[in-house]
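An overview of the molecular structure
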Amino acid sequence: LDIVSVSAHAQFALEAFEVFAVDDILKPVSSERLGKTIDELRTRRRNHENILEENVTEKYLIAKTMGSFNLLCPNSKEIKWRTQKVKELFLYLWYHNPTPIHRSRILDDIWQDYTEDRAAALMHTTLYQLRKLLREIGFVDPVKLINEHYIINVPVKSDIHEIERIIGSTKLSAHLVENMVELYKGNFLEEEDYHWALSTQYKMKINYLNLLEKYALQEMDNQQRIVELCLVKILELEPYNE
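Structure report, in brief. (Residues numbered from 1 in each chain as written. Predicted model: local features only at pLDDT ≥ 70, side-chain atom pairs only at ≥ 80, totals over all residues. Heavy atoms only, no water.)

Time to look at the packing of helix α3 (residues 84-96) against helix α4 (residues 103-110). The geometry of α3 relative to α4 is characterised by a closest axis approach of 12 Å and an angle of 125° between their N-to-C directions. When the axes of α3 and α4 are compared, the pair comes out oblique. At the point where α3 passes α4, the crossing takes the right-handed sense. Along the contact surface, α3 presents K85, E88, L89, Y92, L93 and H96, while α4 presents R105, I106, D109 and I110. (Axes fitted to C-alpha atoms, helices over the stretch in contact; angles between N-to-C directions. Helix = DSSP H or I, 4+ residues; strand = E, 2+ residues; numbered from the N terminus. Parallel < 35°, antiparallel > 145°, perpendicular 65-115°, else oblique. Left-handed = near helix turned anticlockwise from the far one by under 90°. Contact = heavy atoms within 4.5 Å.)

Structure (structure tokens):
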């Protein structure tokens, strides 16, 4: 916040600057004096927003979602969550991105065990904490509200997107398959146990296993080392599947 102190007593100016006030105005206030303060505030705000926007164009978060979940800052430092619900809300909005999600659906999926009033209060508190966390990292307007729909506004690179890209490739190489096997540490958000993620978790696992099996059958005689990696991963994920 940009703070301006307005007082009829000059001795309060020191106290104002001790809380990092931008300016201290002594009453009675003239239009000219007030105009200078407003101009200074506008300049400070514009400069601050420009700095943040310049930084954000070069920034993105890194999400590791296979098995457990970790979110890394641009400097590779792991983000520490204020509460488990702040983490879940970030994941929920990012998981559905770029689709805006209505507040009632968020309440049903994340705070389904609470009364409507209590759930709404918890959601607003959690949204405040999430926005505060992402702004502190350097992202401007990280969660947008549009007609009671929320959408995350933060660039994120993730292992799941890379795996999905490889699964959707028209031509698989040994390098891509090896990379995919390395990225698949476990099923999508398996250790987080979010019911709203189970559908994607199941579909992705099936598509992943089918691709490994298909590649192993096609390249049995050509890429034996990669084929062995595929078979070991299949056994790891489906040990009882005939």
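This is not the end of the story, as more comes after the structure.
Compared with the 18 Å implied by 1.5 Å per residue over 13 residues, the 18 Å span of α3 between its first and last C-alpha is a close match. Within α3, 10 of the 13 residues are buried, which leaves it mostly tucked inside the rest of the structure. What α3 keeps buried is the set V86, K87, E88, L89, F90, L91, Y92, L93, W94 and H96. (Expected span 1.5 Å × (residues − 1). Buried < 20%, exposed > 50% of the residue type's maximum accessible area, 1.4 Å probe, protein only.)

Now for the packing of α4 against helix α5 (residues 116-137). Two numbers describe how α4 lies on α5: the axes approach to 10 Å, and their chain directions differ by 100°. Here α4 lies roughly perpendicular to α5, going by the angle between them. Residue-level contacts link R103, I106 and L107 of α4 to A119, A120, M123 and H124 of α5. Looking at the contact of α4 with α5 residue by residue, the classes come out as 5 nonpolar, 1 polar and 1 charged. (Nonpolar A, V, L, I, M, F, W, Y, C, P; charged D, E, K, R; others polar.)

Counting 60 residues, the largest nonpolar core has L61, W81, F90, L93, I106, L130 and I152 as its most contacted members. With 8 residues, the single largest contributor to this core is α5. Residue contacts for L130: discarding those within four places in its chain leaves W81, V86, L89, F90, L93, V143 and I152. (Core = buried A, V, L, I, M, F, W, Y, C linked by side-chain atoms within 4.5 Å.)

A few words on the side chain of S5. Considering the arrangement of structural elements, one finds S5 in strand β1 (residues 4-7). Residue class for S5 comes out buried when judged on its relative accessible area of 17%. In this structure the side chain of S5 is engaged in a polar contact, spanning 2.9 Å, whose partner is the side chain of D24. For S5, the residues in contact, after removing those within four places along its chain, are A16, D23, D24 and I25. (Polar contact = N/O pair within 3.5 Å; in protein donor to acceptor, adjacent residues only side chain to side chain.)

Once that is clear, we can look at the pairing of β1. Residues S5 and S7 of β1 are buried on one face, while the alternating residues V4 and V6, pointing to the opposite face, are not. In terms of strand pairing, β1 meets strand β2 (residues 23-26) through 4 bridges, oriented parallel. The partner of V4 across the bridge, within β2, is D23. (Pairing = 2+ DSSP bridges.)

The next point concerns unusual backbone geometry. P28 follows K27 through a cis peptide bond whose omega is 0°. Relative to the assigned elements, P28 resides in the loop between β2 and α2 (31-56). Each neighbour pair has its own omega, and for N97 with P98 the value is 10°, a cis peptide bond. By secondary structure assignment, the location of P98 is in the loop between α3 and β5 (101-102). For D141, which is not a glycine, the phi torsion comes out positive at approximately 50°.

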